[in-house]
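# Structural description and commentary
Chain residues, written in single-letter form:
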Amino acid sequence: MSRYMAYCGLYCGACCSMITKEKQEGVPSATAMHTEADEQPCMGCDAEYQKDCEFVLCNKTHGTESCAFCPEFPCEMITKFKDEVWEHHQVVLQNLFRIREAGIEKWLEEQAEYWKCPACGCRTQWYQTTCTQCGEKIERRI
Ligand code: SF4
Ligand SMILES: [Zn+2]
């Protein structure tokens, strides 16, 4: 499973928790990115502390790598998740439909491209409105 794809359809490559982890690891695309000092690093969907996540449990029950491949998709649980207060959740259904249509690898490529700064091409985060590397204003993309 790619570290950038959550079972629920989130693209983790644009998440501040993943970027915090990758800064610690010295991943080049993450090292210059801004993260809050108290941000906790993400250890991924398969981390011990995520074992009670409803999407991890449900996908394991269904034997699926993503909600996109579940015969019950789109179920009530994922639809409620989409409608929660965090704006980055609002794209999970469109992400999951795209994963189902195009496959995981293609979706990951598209997302990596989508989350690049339009001016300098560096990686950016979900809620970022200014590129931390070149200073370009970035329109909100969620
Ligand atoms: S039932 Fe819903 S939450 Fe569970 S794996 Fe299927 S789509 Fe995901
Ligand atoms: Zn830039």
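Before any of the text, the structure's been laid out above.
What comes next concerns the included structure. (Residues numbered from 1 in each chain as written. Chains lettered and ligands numbered in written order. Predicted model: local features only at pLDDT ≥ 70, side-chain atom pairs only at ≥ 80, totals over all residues. Heavy atoms only, no water.)

## Thoughts on the overall build of the chain
Across its full length, the chain carries 6 helices and 0 strands. Computed over the C-alpha atoms, the radius of gyration of the chain is 15 Å, within 12% of the 14 Å expected from 2.2 N^0.38 for a compact globule of 142 residues. Taking the principal axes of the C-alpha coordinates as reference, the chain spans close to 45 × 30 × 30 Å. Sorting the 142 residues of the chain into buried and exposed places 42% on the buried side. Taking the intrachain contacts of the chain between residues at least 6 apart in sequence as the baseline, contacts between residues at least 24 apart amount to 47%. Surface exposure of the chain reaches about 8,000 Å², of which carbon and sulfur atoms provide 52%. (Helix = DSSP H or I, 4+ residues; strand = E, 2+ residues; numbered from the N terminus. Rg over C-alpha atoms; globule rule 2.2 N^0.38 Å. Buried < 20%, exposed > 50% of the residue type's maximum accessible area, 1.4 Å probe, protein only. Contact = heavy atoms within 4.5 Å. Areas by Shrake-Rupley, 256 points an atom, 1.4 Å probe, with all protein chains shown as cover.)

## Digging into the site of ligand 1
Taken together, Phe55, Cys58, Asn59, His62, Cys67, Cys70, Glu72, Phe73, Cys75 and Met77 make up the full set of residues adjacent to ligand 1. Here the element with the most residues in the shell around ligand 1 is helix H3 (residues 54-62); it accounts for 4 residues. Tallied by class, residues from the shell around ligand 1 come to 7 nonpolar, 2 polar and 1 charged. (Near = heavy atom within 4 Å. Nonpolar A, V, L, I, M, F, W, Y, C, P; charged D, E, K, R; others polar.)

## A word on the packing of aromatic side chains
Applying the stated rule across the entire model yields 5 aromatic pairs. With a centroid separation of 5.9 Å and 70 degrees between ring planes, the pair formed by tyrosine 4 and tyrosine 11 is classed as edge-to-face. Of the two residues, tyrosine 4 and tyrosine 11, neither departs from the other in class, the shared state being buried. (Phe/Tyr/Trp six-rings, centres within 6.5 Å; stacked < 30°, edge-to-face > 60°.)

## Observations regarding a nonpolar patch on the surface
There is a patch of nonpolar side chains on the surface, built from Val85, Trp86 and Tyr127 and spanning about 350 Å² of accessible area. Relative to the helices and strands, valine 85 is located in the loop between helix H4 (76-82) and helix H5 (92-102). Judged by relative accessible area, which is 70%, valine 85 ranks as exposed. (Patch = residues over 30% accessible without salt bridge, like charges linked within 9 Å, V, L, I, M, F, W, Y side chains within 5 Å. Salt bridge = Lys/Arg side-chain N within 4 Å of Asp/Glu carboxyl O.)

## Observations concerning the pattern of salt bridges
The final tally for this structure, using the stated rule, is 12 salt bridges. Note that aspartate 46 and lysine 60 form a salt bridge whose closest N and O atoms lie 3.5 Å from each other. Taken together, the positions of aspartate 46 in the loop between helix H2 (28-31) and H3 and lysine 60 in helix H3 put the pair 14 residues apart, joining distant regions of the chain. The residues aspartate 46 and lysine 60 share a single accessibility class, namely exposed. We note a salt bridge from glutamate 76 to lysine 80, for which the minimum N-O separation is 3.4 Å. One end of the pair is glutamate 76 and the other is lysine 80, both in helix H4 and 4 residues apart, which spans about a single turn. When salt bridges with common partners are traced through the structure, they connect Arg3, Lys21, Glu22, Glu25 and Arg123 into a single cluster.

## Some remarks on the coordination of the zinc ion (ligand 2)
Protein coordination at the zinc ion (ligand 2): the donors are Cys117 (SG), Cys120 (SG), Cys131 (SG) and Cys134 (SG), at 2.2 to 2.4 Å from the metal. One can describe the donor arrangement at the zinc ion (ligand 2) as tetrahedral, given that its 4 donor atoms subtend angles of 105 to 112 degrees at the metal. Written as a sequence motif, the donor arrangement for the zinc ion (ligand 2) is C-x2-C-x10-C-x2-C. For cysteine 120, a relative accessible area of 38% puts it in the partly exposed group. (Donors = N, O, S within 2.8 Å, 3.2 Å for Na, K, Ca; no water. Tetrahedral: all angles 85-135°; square planar, octahedral: opposite > 155°, others 65-115°.)

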